[in-house]
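Each chain is listed here by its residues.
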Amino acid sequence: MTNRVNFAKAAPKAFKALIGFDAAARAGLDPALVELVQIRASQLNRCAYCLHMHTSDARKAGESEERLHMVAVWHEATRFFSEKEQAALALTEAVTLIPGGVPDDVYARAAGQFGEGELAQLLALIFTINAWNRIAITTAKVPGTDERVAR
């Protein structure tokens, strides 16, 4: 493989702006929910770098191994996740995959669990993890090498 650009060093203003957007997106959201959303998007995007980072962060924050193992199959393991978490995971999948738009029922389910401001924060979080996934995949970040400086 050829060397890839170091995005943080080559585009520091864009990188810092994304860090700021990421921090703003997390504001007011349950930290456990934040990690579940980031884990699910990273699974869907096949971003090993971000998946490793966010499962590690979730463990450090006290998330159980049992729930972490169930994120990929949450549809079949609903008893492990609250209604609110399930709504967030469904919205994460719809926004990440965008197979033809976000279905009205998925959006309505999330809107029923989150107030308008919190729903907007959740959407911003989903947008940012998808951006981070694309950066890590495109620049060939190596899983297990957490290079965060201010996240």
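Throughout what follows, the structure given in this document is the object of discussion. This structure is a prediction, so every number in the text was calculated from the model and none was measured.

The rules behind each value
- Each residue is numbered by its place in its chain's sequence as written, counting from 1.
- Restriction of local features to residues with pLDDT of at least 70 applies here, the model being predicted, together with a cutoff of 80 or more for giving and counting side-chain atom pairs; totals for whole chains, interfaces and linings are based on all residues.
- For side-chain calculations, the full set of non-hydrogen atoms in the structure is used, while hydrogens and water are omitted.
- Two rings belonging to Phe, Tyr or Trp (six-membered ring only in the last case) form a pair when the distance between their centres is within 6.5 Å. Interplanar angles under 30 degrees mark stacking, angles over 60 mark edge-to-face geometry, and anything in between is tilted.
- For every residue, the accessible area obtained with a 1.4 Å probe (protein chains only) is divided by the maximum for its type, and the residue is called buried under 20%, exposed over 50%, and partly exposed between those limits.
- Starting at the N terminus, helices and strands are each numbered in turn, a helix being any DSSP run of H or I of at least four residues and a strand any DSSP run of E of at least two.
- Note on criteria: charge over ring means Lys NZ or Arg CZ within 6 Å of the ring centre, with the direction from the centre no more than 35 degrees off the ring normal.
- Throughout, an axis means a line fitted to C-alpha atoms (over the contacting stretch in the case of helices), and angles, computed between N-to-C directions, take values from 0 to 180 degrees.
- Handedness of each helix crossing follows the sense of rotation of the near helix against the far helix: counterclockwise by less than a right angle gives left-handed, clockwise gives right-handed.
- Contacts are assigned to residue pairs that have any heavy atoms within 4.5 Å of one another.
- Between the first and last residue of a helix there are one fewer steps than residues, each counted as 1.5 Å, and that sum is the expected span.

### Some details on the packing of aromatic side chains
For any pair of aromatic rings, the description consists of the separation of the ring centres together with the inter-plane angle of the planes. Enumeration according to the criterion identifies 2 aromatic pairs in this entry. Between the aromatic rings of Phe-7 and Phe-15, the centroid separation amounts to 6.3 Å while the plane-to-plane angle is 70 degrees, which identifies the pairing as edge-to-face. On the basis of relative accessible area, Phe-7 is assigned to the partly exposed category, the value being 25%. For Phe-15, a relative accessible area of 16% translates into the label buried. With a centroid separation of 5.5 Å and 75 degrees between ring planes, the pair formed by Phe-15 and Trp-132 is classed as edge-to-face. Remark: Trp-132 occurs in helix α8 (residues 116-138) and Phe-15 occurs in helix α2 (residues 12-26); sequence separation between them is 117 residues. The structure contains a cluster of three or more aromatic residues connected by ring pairs, namely Phe-7, Phe-15 and Trp-132. Above the face of the Phe-80 ring, Arg-79 is positioned so that its terminal group lies 4.4 Å from the ring centre.

### Regarding the packing of helix α6 (residues 83-97) against helix α7 (residues 104-113)
In contact at an axis separation of 9 Å, α6 and α7 are set at 145 degrees when each is read in the N-to-C sense. Here α6 and α7 pass one another in a crossing that is left-handed. For the pair α6 and α7, the contacting residues are Glu-83, Lys-84, Gln-86, Ala-87, Ala-90, Leu-91 and Ala-94 in the first and Val-106, Arg-109, Ala-110 and Gln-113 in the second.

### Brief notes about helix α4 (residues 48-60)
In a regular helix each residue adds 1.5 Å, so 13 residues correspond to 18 Å; α4 covers 18 Å between its end C-alpha atoms and thus fits that length. If you check which residues of α4 are buried, you get Tyr-49, Cys-50, Met-53, His-54, Thr-55, Ser-56, Asp-57 and Ala-58. Of the surrounding elements, those touching the buried residues of α4 are α2, α3 (31-45), α5 (65-70) and α8.

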